[in-house]
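Take a look at the letters that make up each chain.
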Amino acid sequence: MRTVEKERIPSLSLGEERNIVTQLLVVNLTLFILLLFTRVIYNMEGYSTAQFNEDVLAWASLPANPARLLTRPWTLLTSMFSHVSVWQVFSNMVWLWGFGTLLQNVAGHQRILPLYIYGGLCGAIFYIMGMHAIPAFEPILPQASMIGAAASVMALAIGVTTVAPNYRLFPMLGRGIPLWIITTIFVALHISSHIFSTNDDAQTYFPALLGGGLTGFLYMMQWKKGKDWGAGLNRLTYKATHLFHPAEQQHKEAAALVRKRLGNSIGGNNPYRRVGAVPEQRLNEILDKIHEQGIHALTPEEQETLLRASKQQDS
């Protein structure tokens, strides 16, 4: 039976570089506060909310009209990080923290950002396709737009459920509640909230949710087979955020030495292979930390795991 050792990362820690979930929460909440503050300023100056939507929000929202999208292609990204409703940002961030933290612990932090971005992009594509394919949406097509992290969060939810459907939550309730039940409740709440919403555009989000969920399922199914679709994006992100690190080369050399000590086969795309009693997934995460921060940044538990793997490799 295939198992993955949990990655030991604090649930919410601004000081932990590898806690991608917290970083996504910070980005989303920061943009929400900026948009909210701008809308308040607009209203204080006597401008209507409709004027704010046209002058500001329209440049962050994903337009359903492809012709308009060509004039603002950045909205493919900005739309998945932007919110204007308090309830929308609250619900999305709670579920992002919950499902994202589970996925981060079960499959590693390097799965979070790619799945969030790919889920949002696929949700955007499905949204635009749905707006043109479903006749009921045609009357609102010219001015329709989408905003929010719903598709990205759906990708994380379906992704972690694909990997660990029987993961038990709330152990104080008997034997705990399987993750697939929590995800089913999440999907039902999401669908019902859009069905009974007073917003006329709420139902147009269904194709985006479908796209996000499909992305999460396919992405994690491939990851279970040893194919990491997010490796390229992770490498690009790492290079972009480490351009001016003077200790970069030293960290890279330290990681290379450790990798050589453990054997050159370490670092493949099979997350389930084991080196001795230590899952390769766990070793890859430790090597990544050495590469990024240096060997002195390892915790005592990580040092002990590395030492144990090294001894077992020699025996």
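Look up: the structure comes first, before these words.
Model, not experiment: these values are computed from the prediction. (Residues numbered from 1 in each chain as written. Predicted model: local features only at pLDDT ≥ 70, side-chain atom pairs only at ≥ 80, totals over all residues. Heavy atoms only, no water.)

K.L.:
Help me understand the pattern of salt bridges in this model?
P.N.:
Pairing between side chains of opposite charge can happen when their charged atoms approach one another. One pass over the full model with this rule turns up one salt bridge. Here R111 and D228 are joined by a salt bridge, their closest N and O atoms 3.3 Å apart. Within this pair, whereas R111 is found in the loop between α5 (86–107) and α6 (112–133), its partner D228 is found in the loop between α9 (206–224) and α10 (231–241), the two being separated by 117 residues in sequence. Accessibility classification places R111 together with D228 in one group, the buried group. (Salt bridge = Lys/Arg side-chain N within 4 Å of Asp/Glu carboxyl O. Helix = DSSP H or I, 4+ residues; strand = E, 2+ residues; numbered from the N terminus. Buried < 20%, exposed > 50% of the residue type's maximum accessible area, 1.4 Å probe, protein only.)

K.L.:
How should α9 be read in this particular structure?
P.N.:
Helical geometry note: an α-helix holds 3.6 residues per turn, so side chains three or four residues apart project in the same direction. Helix length check: α9 (19 residues) gives 27 Å between terminal C-alpha atoms against 27 Å at 1.5 Å per residue, within 8%. For α9, the full list of buried residues reads P207, A208, L209, G211, G212, G213, T215, G216, Y219, M220, Q222 and W223. Count one or two residues on from α9 and you reach G226, which has phi positive near 95 degrees. (Expected span 1.5 Å × (residues − 1).)

K.L.:
Please explain the side chain of S152 as it appears in this structure.
P.N.:
Take S152: it is sitting in helix α7 (residues 150–163). Among the residues examined, S152 registers a relative accessible area of 1% and is labelled buried. When neighbours within four sequence positions are excluded, S152 is seen to be in contact with M80, Y116, G119 and G120. (Contact = heavy atoms within 4.5 Å.)

K.L.:
How do you make sense of the packing of aromatic side chains when you look at a structure like this?
P.N.:
Given two aromatic rings, their pairing is described by the distance between the two centres and the angle made by the two planes. Inspection of the entire model under this criterion finds eleven aromatic pairs. Measuring from centroid to centroid gives 6.1 Å for Y118 and Y219, while their planes differ by 55 degrees, and the two rings are tilted. One end of the pair, Y118, is in helix α6; the other, Y219, is in helix α9, and 101 residues separate them in sequence. By the ring-pair criterion, three or more aromatic residues cluster together here, those being Y42, Y47 and F52. Seen from the ring of W59, R72 lies directly overhead, with NZ or CZ sitting 4.0 Å from the centre. (Phe/Tyr/Trp six-rings, centres within 6.5 Å; stacked < 30°, edge-to-face > 60°. Lys NZ or Arg CZ within 6 Å of the ring centre and 35° of its normal.)

K.L.:
Would you mind going over the side chain of T215 with me for this structure?
P.N.:
Among the secondary structure elements, T215 is positioned in helix α9. Those residues in contact with T215 that sit more than four places away from it in its chain are L115, Y118, G119 and C122.

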